[in-house]
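Architecture and fold: a report
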Amino acid sequence: MRLRADRVRVRVPATSANLGPGFDAMGVALALHDEVEVRAVAAPGVTVVVEGEGAGAVPGDERHLVVRAIRTALDHVGAPQAGLTLTCRNAIPHGRGLGSSAAAVVAGIVAARGLISEPEALDDATVLVLATQLEGHPDNAAPAILGGATIAWTTPTGAVGATQVEVHPDVAPVVMIPPTHLSTKAARGVLPEQVPFVDAARQAGRSALLVQALGRRPDLLLDATVDLLHQEYRRAVMPDSLALVDALRRRGVAAVVSGAGPTVLALARRLPDEPGGPDVAGDPGTDADAAIDEAFGGVLGGWVIRRLPVDPAGVRLAVGDHPIG
């Protein structure tokens, strides 16, 4: 396997995993993106420039997650390693449960796809396997690769799979991002090794219902996003986030912790268009807007609220001077 290109660019979306009951399995891609430009150079070594999120905080050498992912992918296909120059323009917040690490890993592996002479050797299925090896679980990597909402799974033999699930056009995600960070390791560290059988059984039903609610019956999202396996156990490490989830759910909003937190995700529903209405931008808003305003009481305290549509495309690659598709 040889290198065929010396410059590639990748755009990869933020993701929200779990979606309540779909722990370590379900996720959705959101329209907030990191962009990475990679140049393969003859001189050995690595240069990393980071703009936006993570600037001045993430490693600028071989330890950088995008670099590690590129190296892993090139080794996997037997391609030669090269010196690398990276420019990372990051919009996905770090340590907030919006898939920043999965975005970096997927971006690196897909960048390697663009560099090699046989890109089919790093098809989506292979990208998912490598990303899962680096991440430890596929729930963020799958929607980052495929776009939309996904279900991912692993087998006892180590195989990894993922499939897209339908998302109803009325589903309108809203994220509430706190000023605090929380590592995935810390959030996982408070989870029990075992849970009551009755909770696991109930969770299975809610996960199945969530597929139906996302694709065909968004009116069922509040019931479909009940979680019994992970959120309550994490209350001690993200009390403000769980208090917000509680406040929104009491008001009828399908709110959950996004991934390992501490961001809160509301799977709201888009309100119908009303010509001549008060919103001059033509955006009628969502059915969660009033409840979110009421829950915050006009005081955001450093939280950022953003409506992020579902990204249906997933990661995108451009080789050379071609535009990102």
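This text follows the structure it describes.
First things first, this report covers the structure right here in the doc. (Residues numbered from 1 in each chain as written. Predicted model: local features only at pLDDT ≥ 70, side-chain atom pairs only at ≥ 80, totals over all residues. Heavy atoms only, no water.)

1. Details of unusual backbone geometry
Note that the residue after Gly 261, namely Pro 262, is joined by a cis bond; omega there is 5°. Within the fold, Pro 262 resides in the loop between strand S8 (255-257) and strand S9 (264-269). Phi is positive for Leu 19, which is not a glycine, with a value near 55°. When you line up the elements, Leu 19 lands in the loop between strand S1 (7-18) and strand S2 (22-41). Phi is positive for Asp 24, close to 60°, though the residue is something other than glycine. Relative to the helices and strands, Asp 24 is located in strand S2. For Asp 24, a relative accessible area of 24% gives the class partly exposed. (Helix = DSSP H or I, 4+ residues; strand = E, 2+ residues; numbered from the N terminus. Buried < 20%, exposed > 50% of the residue type's maximum accessible area, 1.4 Å probe, protein only.)

2. Considering the nonpolar core
By size, the foremost hydrophobic cluster in this structure holds 67 residues, and its most contacted members are Val 38, Ile 70, Leu 86, Val 106 and Ile 109. With 10 residues, the single largest contributor to this core is helix H2 (residues 100-115). Excluding residues that lie within four positions of it along the chain, Val 38 makes contacts with Asp 6, Arg 7, Val 8, Ile 70, Leu 84, Thr 85, Leu 86, Ala 111 and Leu 115. Membership of the second largest hydrophobic core comes to 21 residues, among which are Leu 182, Val 245, Ala 260 and Ala 291. (Core = buried A, V, L, I, M, F, W, Y, C linked by side-chain atoms within 4.5 Å. Contact = heavy atoms within 4.5 Å.)

3. Thoughts on the packing of aromatic side chains
The final tally for this structure, using the stated rule, is one aromatic pair. Judged by centre distance (5.7 Å) and plane angle (65°), the ring pair of Phe 296 and Trp 303 falls under edge-to-face. When its relative accessible area of 13% is taken as the criterion, Phe 296 is described as buried. Taking the relative accessible area as the measure of exposure, Trp 303 reaches 12% and is therefore buried. (Phe/Tyr/Trp six-rings, centres within 6.5 Å; stacked < 30°, edge-to-face > 60°.)

4. Topic: the sheet that holds S9
In spatial order, the strands read S8-S9-S7-S10; together these four strands make up an open sheet with antiparallel pairing. Only two strands of the sheet have a single partner each, and these edge strands are S8 and strand S10 (304-307). Sheet twist, expressed as the mean angle between neighbouring strand axes with direction ignored, is 25°. Bridge count between strand S7 (residues 171-177) and S10: four bridges; the pairing is antiparallel. Paired with Ile 177 across the bridge in S10 is Val 304. (Pairing = 2+ DSSP bridges. Axes fitted to C-alpha atoms, helices over the stretch in contact; angles between N-to-C directions.)

5. Here's the deal with the side chain of Arg 234
On the secondary structure map, Arg 234 appears in the loop between helix H7 (221-224) and helix H8 (239-250). Although Arg 234 is buried, it forms no salt bridge, and the closest oppositely charged side chain is Asp 24 at an N-O distance of 6.3 Å. Polar side-chain contacts of Arg 234 include one of 3.0 Å to the backbone oxygen of Ala 187. Non-local contacts of Arg 234, meaning those with residues more than four positions away in its chain, are made with Asn 18, Phe 23, Ala 187, Arg 188, Val 190, Leu 191, Gly 259 and Ala 260. (Lys, Arg positive; Asp, Glu negative; His and termini not counted. Salt bridge = Lys/Arg side-chain N within 4 Å of Asp/Glu carboxyl O. Polar contact = N/O pair within 3.5 Å; in protein donor to acceptor, adjacent residues only side chain to side chain.)

6. Regarding helix H1 (residues 65-77)
The terminal C-alpha atoms of H1 lie 19 Å apart, and with 13 residues this matches the ideal 18 Å at 1.5 Å per residue to within 8%. Elements that come into contact with the buried residues of H1 comprise S2, strand S3 (46-52), strand S4 (83-90), H2 and helix H3 (124-135). (Expected span 1.5 Å × (residues − 1).)

7. Thoughts on the pairing of S1
Taken across its 12 residues, S1 has 11 buried, putting it largely inside the fold. Summarising the sheet, S1 and S2 pair through 12 bridges and their orientation is antiparallel. Within the sheet, the bridge partner assigned to Ser 16 lies in S2 and is Val 28. Hairpin geometry of S1 and S2 is characterised by an intervening segment of three residues between the two adjacent antiparallel strands and by a positive phi of about 55° at Leu 19. Examined bridge by bridge, S1 and strand S11 (residues 316-319) share four bridges and lie antiparallel to one another.

8. Section: the packing of H1 against H3
The geometry of H1 relative to H3 is characterised by a closest axis approach of 11 Å and an angle of 130° between their N-to-C directions. For the element pair H1 / H3, the angle class is oblique. Where H1 crosses over H3, the handedness of that crossing is right-handed. Contact residues: H1 offers Ala 69, Thr 72, Ala 73 and His 76, while H3 offers Thr 126, Leu 130 and Leu 134. Looking at the contact of H1 with H3 residue by residue, the class counts come to four nonpolar, three polar and no charged. (Parallel < 35°, antiparallel > 145°, perpendicular 65-115°, else oblique. Left-handed = near helix turned anticlockwise from the far one by under 90°. Nonpolar A, V, L, I, M, F, W, Y, C, P; charged D, E, K, R; others polar.)

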